[in-house]
2 protein chains.
Amino acid sequence: MNNATSSPPAARGPADHEVRAQIVVAATEHFSQYGYEKTTVSDLAKAIGFSKAYIYKFFESKQAIGEMICSNCLREIEADIRAAVDGVDRPPEKLRRMFKAIVDSGLRLFFQDRKLYEIAISAASERWPSAIAHEECIRQMLLELLRQGRESGDFERKTPIDETAAAIYLVMHPYINPVILQLSSHYTGQAPAQLSGLVLRSLSP
Amino acid sequence: MNNATSSPPAARGPADHEVRAQIVVAATEHFSQYGYEKTTVSDLAKAIGFSKAYIYKFFESKQAIGEMICSNCLREIEADIRAAVDGVDRPPEKLRRMFKAIVDSGLRLFFQDRKLYEIAISAASERWPSAIAHEECIRQMLLELLRQGRESGDFERKTPIDETAAAIYLVMHPYINPVILQLSSHYTGQAPAQLSGLVLRSLSP
């Protein structure tokens, strides 16, 4: 076959995904110091030494960068919750750990990185895909945990599992949603223990 | 006895409490149209035809007026909740009604009177005495209801009642606090039924 029309490989810079990752790292650093809301793409470009046009080649908007940063944060939180749940055997204890990990990891993000928390707040209030995916991930973990507990005989099976899961998710939601979590922070000391106690009583066979 | 030192009754205007009530009525009207946050005491004075100094004779600040308005609103909500609870006999049904009345009356205030809702938001976030008293009132209603349910045999008695009450209050709190309620309004359709179902399962003897 004649492949004269294909162009010869050009001298290439870093691959696209590397540049994207580089922008995300620099933006995380920048936002965590100066805040997300007040920073424009121009500010960001200047700070990381790229042209604005170059950044727009890789991300269509500031929100698209924020979305990547947010996904990374939320994936860390999910990993923390999963590690807490996987660290014990019995479903009731898994549920207690899950509650505690949700509150602890949310508050850690809030107190350690107030400026990045701004991104999580935008993501939650504007329902960015990363925030929706995070909620869905926690819902799935909960459902899986309920299945295990029903199988092991630790949890009752009379109530339809979807109903049980939806209600428990509603109890967890104020601590998952970062906007609500920051408003409830004076409640969070005792909350995980008290709420998981209540939920476990509701699940007893 | 010689009572020459007592002064003769002066020609008197309306009593203080009447003027206070008049100011509160006018301020409620004004705030509900123009909002609480943006209105100053000067604006209010002009609108209701009193001097600023005269208003300050009766209320030490705008917040003191807001506090009266807020108390009135919250007392209406409490009356609604109490009526809902008193309207049925069995404690489990009382609890269902209580949940529903908390959400319904909060949302009614939110949707019908957005501008007055601003006051409730300030009261809740700045922990005004009216907001604290409201939370305490609901806590007391809940405790009373739990006592009735334990007495009638509808609710379990193993868990210390304070622990049970604190945990259920935490479940109710996002729907009592107006700042959180407005953020959760997309959840509120099913929430009262799902959450009271969960709470009742946790209370079963």
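Because the structure is a prediction, the values reported are computed rather than measured.

Focus: the overall build of chain A
Counting secondary structure elements, chain A contains 10 helices and 0 strands. Helices and strands in chain A line up, N terminus first, as α-α-α-α-α-α-α-α-α-α. Relative to the compact-globule value of 17 Å for 205 residues, chain A shows a C-alpha radius of gyration of 22 Å, a clear excess of over 25%. Along the first, second and third principal axes, the C-alpha atoms of chain A reach 70 × 55 × 25 Å.

Let's talk about the nonpolar core
Burial of nonpolar side chains together is a common tendency in soluble globular proteins. Membership of the largest hydrophobic core comes to 125 residues, with the highest contact counts inside it found for Met98 of chain A together with Met98 of chain B. Each residue touching methionine 98 of chain B, except ones within four places of it in the same chain, is listed here: Ile81, Val85, Ile138, Met141, Leu142, Leu145 and Met172 of chain B.

Points about helix α2 (residues 41-48) of chain A
Residue and element names in this part refer to chain A. Within α2, burial applies to Val41, Leu44 and Ala45. Take α2 and look down its axis: the buried residues cluster within an arc of 100 degrees, on one side only. Looking at the buried residues of α2, the elements they touch are α1 (16-34), α3 (52-58) and α4 (62-86). Just downstream of α2 lies glycine 49, where phi reads positive at about 75 degrees.

Remarks on the interface of chain A and chain B
At the interface, 27 residues of chain A touch 27 residues of chain B. Here chain A meets chain B over a buried area of about 2,300 Å², counting both sides, of which 70% is carbon and sulfur. Summed over the shared surface of chain A and chain B, the number is 4 salt bridges. With its nearest N and O atoms 4.0 Å apart, the salt bridge here joins glutamate 156 of chain B to arginine 201 of chain A. Inspection of the chain A/chain B interface yields 0 residue pairs in polar contact (both at pLDDT 80 or more). Put simply, the parts of the chain that give the side of chain A that touches chain B at least two residues each are α7 (129-152), α8 (161-176), α9 (178-183) and α10 (191-203) of chain A. The leading source of residues in the side of chain A that touches chain B is α8 of chain A, at 11 residues. Residues of the side of chain A that touches chain B, tallied by class, amount to 16 nonpolar, 6 polar and 5 charged.

Points about the packing of aromatic side chains
For the structure shown, the criterion picks out 8 aromatic pairs over all chains. The interplanar angle of 80 degrees and the centroid separation of 5.1 Å between the aromatic rings of phenylalanine 31 of chain A and tyrosine 36 of chain A together place this pair among those described as edge-to-face. For tyrosine 36 of chain A, a relative accessible area of 4% puts it in the buried group. With a centroid separation of 6.0 Å and an interplanar angle of 70 degrees, the aromatic rings of tyrosine 36 of chain B and tryptophan 128 of chain B are classed as edge-to-face. Here tyrosine 36 of chain B is found in the loop between α1 (16-34) and α2 (41-48), whereas its partner tryptophan 128 of chain B is found in the loop between α6 (114-125) and α7 (129-152), with 92 residues between them in sequence. The exposure classification of tyrosine 36 of chain B matches that of tryptophan 128 of chain B, with both residues buried. Members of the aromatic cluster, connected to one another through ring pairs, are Phe31, Tyr36 and Trp128 of chain A. When the ring centre of tyrosine 36 of chain B is taken as reference, the NZ or CZ atom of lysine 62 of chain B above it lies at 4.4 Å. A cation over an aromatic ring shows up here: arginine 139 of chain B above the ring of tyrosine 169 of chain B, its NZ or CZ 4.1 Å from the ring centre.

Observations regarding the UniProt feature "DNA-binding region" (unreviewed entry) in chain A
According to UniProt, the feature "DNA-binding region" (unreviewed entry) maps to residues 40-59 of chain A in the numbering used here. Across residues 40-59 of chain A, helical content stands at 75% and strand content at 0%; the span's end C-alpha atoms are separated by 13 Å.

Some words on the domain arrangement of chain A
All names here are of chain A. Taken domain by domain, chain A consists of domain 1 (14-60) and domain 2 (69-203). If you average the C-alpha positions of domain 1 and of domain 2, the two centres end up 31 Å apart. Taken residue by residue, the interface counts 10 residues in domain 1 and 9 residues in domain 2. Summed over both sides, the interface of domain 1 with domain 2 buries roughly 770 Å², with 64% coming from carbon and sulfur. Inspection of the region where domain 1 meets domain 2 yields 0 salt bridges. Run the count over domain 1 and domain 2 and you get 3 residue pairs in polar contact (both at pLDDT 80 or more). Class assignment for the residues of the side of domain 1 that touches domain 2 results in 5 nonpolar, 4 polar and 1 charged.

Some thoughts on the side chain of arginine 201 of chain A
Within the secondary structure, arginine 201 of chain A is located in helix α10. Non-local contacts of arginine 201 of chain A, meaning those with residues more than four positions away in its chain, are made with Glu156, Thr159, Glu163, Thr164, Ala167, Arg201 and Ser202 of chain B.

Some thoughts on the side chain of arginine 150 of chain B
All names here are of chain B. Structurally, the position occupied by arginine 150 is in helix α7. Buried and without a salt bridge, arginine 150 has glutamate 156 as its closest oppositely charged side chain, separated by 4.5 Å. A distance of 2.6 Å separates a polar side-chain atom of arginine 150 from the backbone oxygen of threonine 159.

With respect to the relation of the copies chain A and chain B
Between the two copies, chain A and chain B, the superposition gives an RMSD of 0.0 Å; the rotation angle is 180 degrees and the shift along the axis is 0.0 Å. Taken together, the turn and the small shift mark the pair as related by a two-fold rotation axis. Identified as the residue of chain A closest to the rotation axis by C-alpha distance is serine 202 of chain A, at 1.7 Å. Residue by residue, 100% of the interface of chain A is reproduced at the interface of chain B, so both copies engage with the same surface.

Concerning the environment of alanine 133 of chain B
Inspection of the secondary structure assignment puts alanine 133 of chain B in helix α7. Sequence separation between alanine 133 of chain B and leucine 74 of chain B is 59 residues; the distance between their C-alpha atoms is 9.2 Å.

Cut-off values and rules
- Residues numbered from 1 in each chain as written.
- Chains lettered and ligands numbered in written order.
- Predicted model: local features only at pLDDT ≥ 70, side-chain atom pairs only at ≥ 80, totals over all residues.
- Heavy atoms only, no water.
- Helix = DSSP H or I, 4+ residues; strand = E, 2+ residues; numbered from the N terminus.
- Rg over C-alpha atoms; globule rule 2.2 N^0.38 Å.
- Core = buried A, V, L, I, M, F, W, Y, C linked by side-chain atoms within 4.5 Å.
- Buried < 20%, exposed > 50% of the residue type's maximum accessible area, 1.4 Å probe, protein only.
- Contact = heavy atoms within 4.5 Å.
- Arc of directions from axis to C-beta.
- Buried area = accessible area lost by both parts, 1.4 Å probe.
- Salt bridge = Lys/Arg side-chain N within 4 Å of Asp/Glu carboxyl O.
- Polar contact = N/O pair within 3.5 Å; in protein donor to acceptor, adjacent residues only side chain to side chain.
- Nonpolar A, V, L, I, M, F, W, Y, C, P; charged D, E, K, R; others polar.
- Phe/Tyr/Trp six-rings, centres within 6.5 Å; stacked < 30°, edge-to-face > 60°.
- Lys NZ or Arg CZ within 6 Å of the ring centre and 35° of its normal.
- UniProt positions renumbered as here; feature names shortened; annotations may be inferred.
- Domains from an automatic or database assignment.
- Lys, Arg positive; Asp, Glu negative; His and termini not counted.
- Least-squares fit on C-alpha atoms with pLDDT ≥ 70 in both.

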